[in-house]
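# Chain and residue survey
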Amino acid sequence: MNSYNVHAFQGSLCQEKGNLEKLPSILKSESTHFLVLSPSRTQNGLSSLLENAVQRDDKLWSRMESLSANFRSMVDENLSGAFAAELTKKISQGFRDLEDVLRAVWLVKDAGASSWAYIDRMQNDWICSLTASLLEQKGYKVSKKDAADFFVLKKGSSGYMVDMEKTRERLETVFSPEDYDGSRQVILISGGYGRDADDQVVYPGSYGGELTATSLANIFKAQSVTFWNPEELVMTADPNEVPSAQVIPELTYAEATELSHFGARVLHPQVMIPAISASIPLFLRDFANPELEGTKVSSEVSKKEGFPVKGFSVIHNMALLNIEGAGMVGIPGISSRLFTALRERQISVTFISQASSEHSICYAVPEEQAHLAASISRTVFHEELASYQIHSVELESSCAVLAAVGEQMPGTPGIAAAFFGALGKAGINILAIAQGSSERNISAVIKGSDSKRALRALHAGFFLSTQTISIGIFGPGLIGSTLLEQIRRETERLKTDFGVDLRIRGISNSKSMFLDKNGIDMEHWEELLQKEGENVDVDKFVNTIAADYFPHWVLIDCTTSEELPRRYVEWMNRGIHVITPNKKAGTEPYPYYQKLMESGRRERKHFLYETTVGAGLPIIGTLKDLIQTGDRIQKIEGVFSGTLAYLFWRYDGSVPFSQLVQEAKELGYTEPDPRDDLSGMDIVRKTVILAREMGLKVEVEDVPVRSLVPEALQQKSIEEFLQQLNTIDDDMLALFKEAEEQNKSLKYVGIIDSDGSCKVELRAYPQDHPFARITGTDNIVAFTTKRYHDQPLVVQGPGAGPEVTAGGVFGDLLRLAAYLGARF
């Protein structure tokens, strides 16, 4: 027995250049294929001519010439020889016939249903002929049919339905066995129209072609029906409102019906009826990207692990009517009277909710029908209103109905709590709620102005991990680029093992930035930033990262900028966490520093800056632990600069000090401007940060420092500074020899004494002192406290280099994830 597959397209898809060439790859199996092409009234179609004629638009005739040329060009691009000649002749004759129709419409300034049908069917017939000829050129055997010759419809209360029995009878007269017997066989059908009981051509609506497809699938017992959409695939929410929306891989018929009812781009419920009765799976695919799987709609409930909610939809431009009164309680027929009256006036009721006490009924209708519905309600309950048994009929306009749909929602505890909890967290006021006994749908009426925010909050609450973090990184230099690589390597592991979903959604250097709403491709971020980056706009960057469809936001500042840290308070007040190795914020004038810390506490947002003092070493963390556990700090002394630690470790007088500075810069151990290290200001800032952690109100200018930068070189360019730095070599050699004679080592240290005084100086330490024994870029800090008085608590380790510092920043990011609930 032959197997059949049915495919449905909008005819306009086949008009677009290059699209017809995709058909052979879509029809790759050897089974028989039904192709149903539907008419579509697009701006570039013949129906636009009818609109011009009704309006007596003088552009009609030039537009007709243009469309005629377009159709002939479409033929020439796809066909050759006799195929092209025959179809060109057919189209030319069609335009001559069309001119007579348009002149008649011009005269009467009106186009009846028959004129629309004539033009729709003619254009669709041309596209079918073009498609048939192309497939025949490719070696397919093609039979071309018109759905109006066999598709029988009957009018029902919810629109046109298929009369399957009569359609089967008609099919026997229209089709012959050779039409659908054999491999590489295509039955091409001009769909969209059918005939009623009086044999008149009727248009069931925009879903007519799709209904033709599922009806044929039912009759021929097809394996599947594939709907090739000109728009995006079926998503968990409207991607225009929720950019992080995902493709839904599987839906049941019931789920698809619910989502369609609430405005999602799925299928009209009538279309699914023939498929449901024969259990034929439906596939919704993207014609622009046929390699994508799309969405399967069937009777099967997905066994895959996933979310019980499949998707969210919103019906906009709704109004809510509330009828309330004590006289309604226990009175039979109240609801029946109301909804019968509404049905008689063709009022479409989308949502109904009634309190169990029967004290009130509320329902939602389209905005344009709201006042009529209110008038009908007051008329129906005129006597009750007059006798105060019903107190009021209130109308709330500009509403939206928001729905969550999922076949696995029934029996899954906590769905309603998560639904209303997400809305509550987003500050959304709910006007009315409803949930059917099937529990596969929860609906809520909200203000229309809140719909986007509500949809994003729900989507984030259900489809994003609670540990999904939207991340923006300023400064992809040595540290920033290393951090990005570390995150790239660990992203999948963190997501799989711990549920932490790190989304780098923005990267910005000083000149350009690259943003991606769902997450940047971390394999190619440098290329994307270089080729597709836009001019830096910090406000746009921050607004993108702080998208309300992500549960958490963090900005990571890996720059040495003075301007960005001055915006940390603003960002934290917006609910954005901040992580940085930039020391400028922690050493801003104390009032700003205090405001920054208070902002974090007030907004419950985290400012993480461990790397500002010891790169990857837990110096700040250790100090906080000591203070929080009740210890009293008496003295902090440390080599806080990995750069200066490296220089004085390497320096033995055999190589000039200036040469070692150049070497350290090339290794990435110095700040971009080495004077930030040699001036001692880097250690001053770190000393101030630690002092402030102790509660001391210290400013940078309060800390005396011995600079290693000659005054004459302070204003030079970096290049000139490095070239002329050899002027300090003799002085450094003299200091080294003096210390060597005393069997001591030179170390550049920051000191915070118990009296609150701070200083930064070059000091000589005995060879048996822990500071004298450090090597490489190691930092070392000694905490002398009440608890650690006789023997200081020492923290030692690498304190410079992009890997170490980036690792410290990454550690702060994971620490943030832990604060937000991740369980490592």
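See the structure shown above.
Not measured: the values here are computed from a predicted model. (Residues numbered from 1 in each chain as written. Predicted model: local features only at pLDDT ≥ 70, side-chain atom pairs only at ≥ 80, totals over all residues. Heavy atoms only, no water.)

## Quick notes on helix α16 (residues 478-498)
The first and last C-alpha atoms of α16 sit 28 Å apart over 21 residues, in line with the 30 Å expected at 1.5 Å per residue. Most pronounced at E490, the bend in α16 amounts to some 45°. All of the buried residues along α16 are G480, T482, L483, L484, Q486, I487, T491 and L494. Looking at the packing, one finds that the buried side of α16 touches β19 (468-474), β20 (501-508), α17 (525-532), β23 (552-557) and α29 (802-819). Once α16 ends, the next one or two residues include G499, with phi positive near 75°. (Helix = DSSP H or I, 4+ residues; strand = E, 2+ residues; numbered from the N terminus. Expected span 1.5 Å × (residues − 1). Bend = angle between axes of the 7 residues up to and from the residue. Buried < 20%, exposed > 50% of the residue type's maximum accessible area, 1.4 Å probe, protein only. Contact = heavy atoms within 4.5 Å.)

## Topic: the environment of E21
Looking at the element boundaries, E21 is found in the loop between α1 (11-15) and α2 (23-26). In sequence terms E21 and I352 are 331 residues apart; their C-alpha atoms lie 49 Å from each other. Once you skip the residues sitting within four places of it in the chain, E21 turns out to touch N78, L134 and K138.

## Quick word on the nonpolar core
F657 and L678 are the most contacted members of the largest nonpolar core, which has 98 residues in total. The leading source of residues in this core is helix α26 (residues 681-693), at 6 residues. Ignoring sequence-local partners within four residues, the contact set of F657 consists of L647, F648, Y651, L678, L708, I728, D729 and M732. (Core = buried A, V, L, I, M, F, W, Y, C linked by side-chain atoms within 4.5 Å.)

## Quick notes on the sheet that holds β20
Across the sheet, which stays open at both edges, the 7 strands sit in the order β22-β21-β20-β19-β23-β24-β25 with mixed pairing between neighbours. Strands at the two margins of the open sheet, each flanked by one partner only, are β22 (534-535) and β25 (607-608). With 7 bridges connecting them, β19 and β20 associate as parallel partners. Residue pairing in the sheet places I471 in a bridge with I504 of β20. The sheet strands contacting α17 are β20, β21 (512-515) and β22, and the helix crosses β21 at an angle near 120°. Of the strands in this sheet, β19, β20, β21, β22 and β23 are in contact with helix α18 (residues 538-545), which crosses β19 at around 165°. (Pairing = 2+ DSSP bridges. Axes fitted to C-alpha atoms, helices over the stretch in contact; angles between N-to-C directions.)

## Thoughts on the environment of T629
With respect to the helices and strands, the residue T629 is situated in the loop between α22 (619-628) and β26 (633-639). For the pair T629 and Y788, spaced 159 residues apart in sequence, the C-alpha to C-alpha distance is 13 Å.

## Observations regarding the sheet that holds strand β27 (residues 744-752)
Taken in spatial order, the 5 strands make up an open sheet running β28-β27-β26-β29-β30, and their pairing is antiparallel. A strand with exactly one partner marks an edge of an open sheet, and here the two such strands are β28 (758-766) and β30 (793-798). Taking the axes of each pair of neighbouring strands and ignoring which way they run, one obtains an average angle of 25° across the sheet. Pairing between β26 and β27: 3 bridges, direction antiparallel. The partner of G638 across the bridge, within β27, is G750. On top of the sheet, helix α23 (residues 642-650) reaches β26, β27, β28 and β29 (778-785); it is set at about 165° to β27, its chief contact. This element, helix α28 (residues 729-741), spans β27 and β28 of the sheet and lies at about 100° to β27.

## Quick word on the side chain of E610
Secondary-structure assignment places E610 in the loop between β25 and α21 (611-614). For E610, which is buried and forms no salt bridge, the nearest opposite charge comes from R815, at a distance of 5.1 Å. Within polar-contact distance, the side chain of E610 engages the backbone nitrogen of I620 at 2.7 Å. With residues near it in sequence (within four places) discarded, E610 still touches A615, L617, P618, I619, I620, G621 and D812. (Lys, Arg positive; Asp, Glu negative; His and termini not counted. Salt bridge = Lys/Arg side-chain N within 4 Å of Asp/Glu carboxyl O. Polar contact = N/O pair within 3.5 Å; in protein donor to acceptor, adjacent residues only side chain to side chain.)

## Some words on the pattern of salt bridges
Summed over the entire model, instances satisfying the criterion amount to 35 salt bridges. Note that K583 is salt-bridged to D682, the shortest N-O span being 3.1 Å. Remark: D682 occurs in helix α26 and K583 occurs in the loop between β24 (577-579) and α20 (590-603); sequence separation between them is 99 residues. Here K583 and D682 have matching classes, each one buried. A salt bridge links R787 to D631, with the nearest nitrogen and oxygen atoms 3.8 Å apart. Of the two residues, R787 is situated in the loop between β29 and β30 and D631 in the loop between α22 and β26; the sequence distance between them amounts to 156 residues. By relative accessible area, R787 is classed as partly exposed at 44%. Each of E485, R488, R489 and E523 takes part in a single network of salt bridges with overlapping partners.

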